[in-house]
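# Structural features, examined
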Amino acid sequence: MHVKKVVLGVCSSISIYKACEIVRLFQKNSIQVQVIMTKNATKLISPLLFSSLTGRKTVVDPFQGEFQERIEHVSLAKEISLFLVAPATANIIGKFANGIADDFMSTFYMAIECPVLIAPAMNDAMFWHKQTQNNIQKLKDFGVNFVDPEKGYLACGDEGWGRLAAPEKIVEQGLFLMSKSLSLKGKTVLVTAGPTREYMDPVRFLSNLSSGKMGYAIADEAMRRGAKVYLVSGPTHLTVPKGTEIIKVETAEEMEKEVLKRFDLVDIVVMAAAVSDFKFSKPASKKIKKSGAPKSMSIIQTPDVLKKLGERKGKKILIGFAAETDNVVQNALDKIKQKNLDLIIANEASKAGIGFESDFNQVTIIYPDGKTVCTKKQTKDAISRIILDKIEEIVGQKNRKSIT
Ligand code: CTP
């Protein structure tokens, strides 16, 4: 049986004693715990206590340890299902949020890919300080999860927010994230991303401003949730999300061919690509010289990939995107009908600071019955998680329908 592993990061807070209970609760759920402590935490509790509880040597700072030991801890980063920091001080939250990696715990945070959960514990004023709130928001935008502290009597004698949440609540949230990290296991998702290029001659083309960031974020998130992911991508400068199968294309016709080839294999398609609607009817096979330039060149429509998928949809889930400049919701609703979609993600293409090329987006998620969900302006990573949550709801509804 594959045993799930959690790494528990323990910082210096009076509530440190609650970390022992957290270890016990994970163990009761048959989950193996490895503890990492900051140096300051060891002034409050001996690492030996956690080593005895977990049966695994507590890591404090292996940078001073043996080479072999360091290698083991790097490989540990690949094996775990959750990194929980409880109690987390304002200091460690600040380090994580700002990319400071000056001890083992902060370095470890930067080396992992599993879900991260942070349970802060600090004085009320420190918790509400703008800097701390800013750091927390930054981490939330990166996809880090938080268990809010509770209100009550604090070690400094004050009454207020900042008390570490109850161990039961922290572990419950941790277990939820561990199950969620595999919520699309067994599903195959095909995501398209980026622009297409429609060539006029071998060196010139018609294209658009799409950077591919939204589609890549969705592919990455689907992969993190355990899905097998095909990413059919137009030209971008982005790093391919680890674990996804990339298929690089240039033109709308190539995209159509690669998507149709895999359509029978997939359960969900997310067409985030900005497919060019037009192409040159007769592209030149050699570079067109200035002297021999034609007076005009005719353009014709490219295939509508998503419309074709809608015609042969079956039980698959189809998600489209709609970049609109006006009448956003009505135009998107028309596209849902024309292309037989389960959901469309619309954004205003003309709005500054979101959409094309930006790291941010603000979208309206539109259902076939006209229901809409508007998000606030967030990173494309955060938007991708909202979209995947909605897709999972549709998967759940379809499963229930097929049972009844
Ligand atoms: N799409 C597609 N093939 C095309 C054009 C668009 O598969 N040739 C997909 C896009 O990936 C997107 C959805 O259809 O998911 C809507 O694309 P959009 O450009 O907003 O709309 P169009 O259908 O092209 O209509 P119009 O340009 O007239 O708004």
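This structure is a prediction, so every number in the text was calculated from the model and none was measured.

### Quick word on the overall build of the protein
What the protein contains, in helices and strands, is 13 helices and 21 strands. Along the three orthogonal principal directions, the C-alpha set of the protein runs to about 80 × 55 × 45 Å. Burial status across the protein gives 48% buried among its 404 residues. For the protein, restricting intrachain contacts to residue pairs at least 6 apart in sequence, the fraction spanning at least 24 positions comes to 66%. Summed over its atoms, the accessible surface of the protein is roughly 20400 Å², and 52% of this surface lies on carbon and sulfur atoms.

### So, the site of the ligand
The full set close to the ligand counts 16 residues, and Met271, Ala273, Leu306, Lys335 and Lys339 are the nearest of them. The side chain of threonine 302 places a nitrogen or oxygen atom 3.5 Å from a nitrogen atom of the ligand. For the ligand, whose accessible area on its own is 570 Å², the fraction buried by protein is 77%. Those elements that provide at least two residues to the shell around the ligand are helix 11 (305–311), strand 16 (317–324) and helix 12 (328–339). In terms of residue count, strand 16 provides more of the shell around the ligand than any other element does, four residues in total. Class assignment of the residues belonging to the shell around the ligand gives a composition of nine nonpolar, three polar and four charged.

### Here we look at the pairing of strand 9 (residues 198–201)
Taken together, the three bridges between strand 9 and strand 10 (residues 204–206) define a ladder with antiparallel strand orientation. Considered in strand 10, the bridge of glutamate 198 is made with leucine 206.

### Notes on the packing of aromatic side chains
The tally for this structure, following the rule as stated, stands at six aromatic pairs. Residues phenylalanine 127 and tryptophan 128 carry aromatic rings whose centres are separated by 4.9 Å and whose planes lie at 70° to one another, so their mutual orientation is edge-to-face. By relative accessible area, phenylalanine 127 is classed as buried at 7%. Ring geometry for tyrosine 199 and phenylalanine 205: centres 5.5 Å apart, planes at 70°, overall edge-to-face. Taking the relative accessible area as the measure of exposure, phenylalanine 205 reaches 38% and is therefore partly exposed.

### What to know about the environment of serine 276
Of note, serine 276 is situated in the loop between strand 13 (268–271) and strand 14 (278–280). Residue class for serine 276 comes out buried when judged on its relative accessible area of 8%. C-alpha of serine 276 to C-alpha of threonine 196: the two residues are 80 residues apart in sequence and 5.8 Å apart in space. Beyond its immediate chain neighbours, meaning those up to four positions away, serine 276 contacts Thr196, Glu198, Leu206, Asn208, Ala252 and Thr302. Polar contacts involving the side chain of serine 276 include one to the main-chain carbonyl oxygen of phenylalanine 278, which spans 2.8 Å.

### A look at the pattern of salt bridges
As enumerated under the stated definition, the model contains 19 salt bridges in all. Across the pair glutamate 245 and lysine 228 runs a salt bridge, and its minimum N-O distance is 2.8 Å. Of this pair, glutamate 245 sits in strand 12 (residues 245–248) while lysine 228 is found in strand 11 (residues 228–233), placing the two residues 17 residues apart along the sequence. By relative accessible area, which is 34% here, glutamate 245 ends up partly exposed. The exposure class of lysine 228 is partly exposed, given its relative accessible area of 37%.

### Digging into the packing of helix 4 (residues 90–98) against helix 5 (residues 104–111)
Helix-helix packing is described using two parameters, namely the angle between the two axes and the distance between the axes. Two numbers describe how helix 4 lies on helix 5: the axes approach to 10 Å, and their chain directions differ by 40°. The orientation of helix 4 with respect to helix 5, classified from their angle, is oblique. Judged by the sense of rotation from one axis to the other, the crossing of helix 4 with helix 5 is right-handed. Counted together, Ile92, Lys95 and Phe96 of helix 4 and Met105, Ser106 and Tyr109 of helix 5 form the full contact between these two elements.

### Quick look at unusual backbone geometry
Along the chain, alanine 86 connects to proline 87 via a cis peptide bond; the corresponding omega equals -5°. Note that proline 87 resides in strand 3 (residues 82–88). The residue serine 30 is not glycine, and still its phi comes out positive at about 60°. Looking at where serine 30 falls in the secondary structure, it is placed in the loop between helix 1 (18–28) and strand 2 (32–37). A positive phi angle, near 60°, is found at asparagine 340, a position not held by glycine. Locating asparagine 340 in the fold gives a position in the loop between helix 12 and strand 17 (343–348).

### Examining the domain arrangement of the protein
Reports often express the size of an interface as the amount of accessible area lost when the parts come together. By domain assignment, the protein separates into domain 1 (5–180) and domain 2 (188–403). Each of domain 1 and domain 2 has a C-alpha centre, and the two are 38 Å apart. Of the residues lining the interface, six residues belong to domain 1; the matching set on domain 2 comes to eight residues. Both faces considered, domain 1 and domain 2 share a buried interface measuring about 590 Å² in area, 30% of it formed by carbon and sulfur atoms. When the area that domain 1 buries against domain 2 is broken down by residue, the three leading residues are Glu113, Asp141 and Lys180, summing to 80%. At the boundary of domain 1 and domain 2, one finds zero salt bridges. Counting across the domain 1 and domain 2 interface gives three residue pairs in polar contact (both at pLDDT 80 or more). Of the residues that constitute the side of domain 1 that touches domain 2, the class distribution is one nonpolar, one polar and four charged.

What counts and how
- Here the residue numbering is sequential within each chain, running from 1 through the sequence in written order.
- With pLDDT at 70 or above as the cut-off, local features in this predicted model cover only qualifying residues; side-chain atom pairs require 80 or more to be listed or tallied, and sums for whole chains, interfaces and linings still use all residues.
- Only hydrogens and water are set aside; all other atoms, that is, all heavy atoms of the structure, feed into the side-chain values.
- Secondary structure elements are taken from DSSP: a helix is a run of H or I of four residues or more, a strand is a run of E of two residues or more, and numbering for both begins at the N terminus.
- Each residue's exposure class comes from its accessible area (1.4 Å probe, protein chains only) as a fraction of the maximum for that residue type: buried when under 20%, exposed when over 50%, partly exposed otherwise.
- Contact definition: two residues touch when any of their heavy atoms are within 4.5 Å.
- Note on areas: Shrake-Rupley, 1.4 Å probe, and residue coverage restricted to the protein chains presented here.
- A molecule or strand has a residue near it when one of that residue's heavy atoms lies within 4 Å.
- Definition of a polar contact: a pair of N or O atoms within 3.5 Å, with one able to donate and the other able to accept a hydrogen when the atoms are protein atoms, and with sequence-neighbouring residues admitted only if both atoms are side-chain atoms.
- Any residue that is not Ala, Val, Leu, Ile, Met, Phe, Trp, Tyr, Cys, Pro, Asp, Glu, Lys or Arg is counted as polar, Gly included; the first ten are nonpolar and the last four charged.
- Any two strands with at least two DSSP bridges between them are considered paired.
- Note on ring pairs: Phe, Tyr and Trp rings are taken, using the six-membered ring of Trp, and paired if centres are within 6.5 Å. Classes follow the plane angle, with under 30 degrees stacked, over 60 edge-to-face and the rest tilted.
- Here, a salt bridge means any Lys or Arg side-chain nitrogen found within 4 Å of an Asp or Glu carboxyl oxygen.
- Here the axes come from fitting lines to C-alpha atoms, over the contacting stretch only for helices, and the angles between their N-to-C directions go from 0 to 180 degrees.
- By definition in this entry, angles of less than 35 degrees are roughly parallel, angles greater than 145 are roughly antiparallel, angles of 65 to 115 are roughly perpendicular, and the rest are oblique.
- If you view the pair so one helix is near and one far, a crossing is left-handed when the near helix is turned anticlockwise from the far one by less than a right angle, and right-handed when it is turned clockwise.
- Segmentation of the chain into domains, including their bounds, is taken from an automatic or database domain assignment.
- A 1.4 Å probe defines the accessible area here, and the buried area is the portion of it lost by two parts on being joined, summed over both.

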